[in-house]
Number of protein chains: 2
Amino acid sequence: MDPDALAKAFVEHYYSTFDTNRTGLAGLYQDGSMLTFEGQKIQGAQNIVAKLTSLPFQQCQHSITTVDCQPSGVNGGMLVFVSGNLQLAGEQHALKFSQMFHLIPTPQGSYYVLNDIFRLNYA
Amino acid sequence: MDPDALAKAFVEHYYSTFDTNRTGLAGLYQDGSMLTFEGQKIQGAQNIVAKLTSLPFQQCQHSITTVDCQPSGVNGGMLVFVSGNLQLAGEQHALKFSQMFHLIPTPQGSYYVLNDIFRLNYA
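Because the structure is predicted, anything quoted here is derived from the model rather than measured.

(A) View of the pairing of strand E3 (residues 60–71) of chain B. Residue and element names in this part refer to chain B. As judged from the 11 bridges shared by E3 and strand E4 (residues 78–88), these two strands associate in the antiparallel manner. Within E4, the residue paired with Ser 63 across the bridge is Asn 85. The antiparallel hairpin formed by E3 and E4 contains six residues in its connecting segment, where Gly 73 sits at a positive phi of about 80 degrees.

(B) Examining the relation of the copies chain B and chain A more closely. Mapping chain B onto chain A calls for a screw motion: a turn of 180 degrees about the axis and a shift of 0.0 Å along it, with 0.0 Å RMSD after fitting. On the angle and the small slide along the axis, the relation comes out as a two-fold axis. A symmetric contact is evident, with 100% of the interface residues of chain B recurring at the interface of chain A.

(C) Structural view of the interface of chain B and chain A. Contact residues are listed per partner, giving 29 residues for chain B and 29 residues for chain A. Between chain B and chain A, the buried area comes to about 2400 Å², and carbon and sulfur atoms account for 59% of it. Inspection of the region where chain B meets chain A yields four salt bridges. Salt-bridge contacts for B:Arg119 lead to A:Asp68; the nearest nitrogen and oxygen are separated by 2.8 Å. The tally of links from chain B across to chain A stands at 17 residue pairs in polar contact (both at pLDDT 80 or more). Of all the secondary structure elements, the ones that give two or more residues to the side of chain B that touches chain A are strand E1 (29–37), E3, E4, strand E5 (95–105) and strand E6 (111–120) of chain B.

(D) Expanded view of the layout of surface pockets. Its boundaries defined by the atoms lining it, the largest pocket holds a volume of some 190 Å³. Contributing to the lining of the largest pocket are 19 residues, with A:Pro3, A:Cys69, A:Gln70, A:Pro71 and A:Met78 lying nearest its centre. Contributions of two or more residues to the lining of the largest pocket are made by helix H1 (3–20) and strand E3 (60–71) of chain A together with E1 and strand E2 (40–43) of chain B. Considering only residue class, the lining of the largest pocket consists of 10 nonpolar, six polar and three charged.

(E) Geometry of H1(A). Between its terminal C-alpha atoms H1(A) stretches 26 Å, which fits the 26 Å expected from 18 residues at 1.5 Å a residue. Against strand E1 (29–37), helix H2 (45–53), E3, strand E4 (78–88), strand E5 (95–105) and strand E6 (111–120) of chain A lie the buried residues of H1(A).

(F) Focus on the side chain of B:Asp116. Tracing the backbone through its elements, the reader meets B:Asp116 in strand E6. For the buried B:Asp116, which has no salt bridge, the nearest side chain bearing the opposite charge is B:Arg119, at an N-O separation of 11 Å. Of the polar contacts made by the side chain of B:Asp116, one reaches the side chain of B:Tyr29; its length is 2.6 Å. If we ignore the near neighbours within four places in the chain, the residues touching B:Asp116 are A:Gln70, B:Tyr14, B:Tyr29, B:Met34, B:Leu35, B:Thr36, B:Gln99, B:Met100 and B:Phe101.

(G) Up close: unusual backbone geometry. Although it is not a glycine, A:Glu38 adopts a positive phi angle of roughly 50 degrees. Taking relative accessible area as the criterion, A:Glu38 reaches 23% and is therefore assigned partly exposed.

(H) Spotlight on the sheet that holds E4(B). All names here are of chain B. Ordered in space as E2-E1-E6-E5-E4-E3, the six strands form an open sheet in which the pairing is mixed. The sheet is open, and its two borders are formed by E2 and E3, each paired with just one other strand. Strand-to-strand, the axes of this sheet are offset by a mean angle of 15 degrees, without reference to chain direction. Packing of helix H1 (residues 3–20) onto the sheet brings it into contact with E1, E3, E4, E5 and E6, and relative to E3 it is tilted by some 155 degrees.

(I) Summary view of the packing of aromatic side chains. Residues and elements named next belong to chain A. Counted under the stated rule, the structure contains 19 aromatic pairs over all chains. Measuring from centroid to centroid gives 4.8 Å for Phe 37 and Phe 118, while their planes differ by 5 degrees, and the two rings are stacked. Remark: Phe 118 occurs in strand E6 and Phe 37 occurs in strand E1; sequence separation between them is 81 residues. The exposure class of Phe 37 is buried, given its relative accessible area of 12%. Members of the aromatic cluster, each reached through a chain of ring pairs, are Phe 10, Tyr 14, Tyr 15, Phe 18, Phe 37, Phe 97, Phe 101 and Phe 118.

Thresholds, definitions, all that
- Residues numbered from 1 in each chain as written.
- Chains lettered and ligands numbered in written order.
- Predicted model: local features only at pLDDT ≥ 70, side-chain atom pairs only at ≥ 80, totals over all residues.
- Heavy atoms only, no water.
- Pairing = 2+ DSSP bridges.
- Helix = DSSP H or I, 4+ residues; strand = E, 2+ residues; numbered from the N terminus.
- Least-squares fit on C-alpha atoms with pLDDT ≥ 70 in both.
- Contact = heavy atoms within 4.5 Å.
- Buried area = accessible area lost by both parts, 1.4 Å probe.
- Salt bridge = Lys/Arg side-chain N within 4 Å of Asp/Glu carboxyl O.
- Polar contact = N/O pair within 3.5 Å; in protein donor to acceptor, adjacent residues only side chain to side chain.
- 1 Å grid on protein atoms, 1.4 Å probe; cavity = no way out; pocket = protein on both sides within 12 Å on 5 of 7 lines; lining within 4 Å.
- Points joined across faces, edges and corners; volume = space filled by probe spheres on them.
- Nonpolar A, V, L, I, M, F, W, Y, C, P; charged D, E, K, R; others polar.
- Expected span 1.5 Å × (residues − 1).
- Buried < 20%, exposed > 50% of the residue type's maximum accessible area, 1.4 Å probe, protein only.
- Lys, Arg positive; Asp, Glu negative; His and termini not counted.
- Axes fitted to C-alpha atoms, helices over the stretch in contact; angles between N-to-C directions.
- Phe/Tyr/Trp six-rings, centres within 6.5 Å; stacked < 30°, edge-to-face > 60°.

So this is what it looks like as structure tokens:
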């Protein structure tokens, strides 16, 4: 599969899972996974999903503006860089965000998220 | 050195070089380095610096808002994620940008940029 198409498919899967079934994100992380969310560092699939499900908004919708990807040089890993808008339920204006993922292939032919850094741009 | 302090020092060095002596960035890239600049993919130190020095603005000033970093899991590599403002000479409003770097240690005890993805947020 073309890396750009793969990155785009991952990103669409990630945000649609985030917006409809946030606990379902657990399957995309492993014990060594790291999330930096607005500067807060969290490690491990369980802690990451606990963080994401305890954010102070229950309903949201991500829309993707750009997806860029590059091979990370590590075991078939892929860096994916996203910019987009995050619409929170009940809020008039969407927030801009940017986020990067480092995806690592699994023996099952899928990918998991080793690195995840998220920032709101407050635009 | 603490990874966060190292990431911050790299970022300050990178943008002060960009703003004062853009050709000096050549030393931070190698032949295998990749830049994705607003969706355009460029490979190799020479091509990357040719791109950066031919941007349609000669004078600019980056100011950094946030710097996040994580180990990339590759040979002591480090992922650095930056958000900030880019002020172009003669323009009234600064542009928001976000950028990620994948830094790899060199045998000389320094780092080079293997991956670089840059996006303006048009805010």
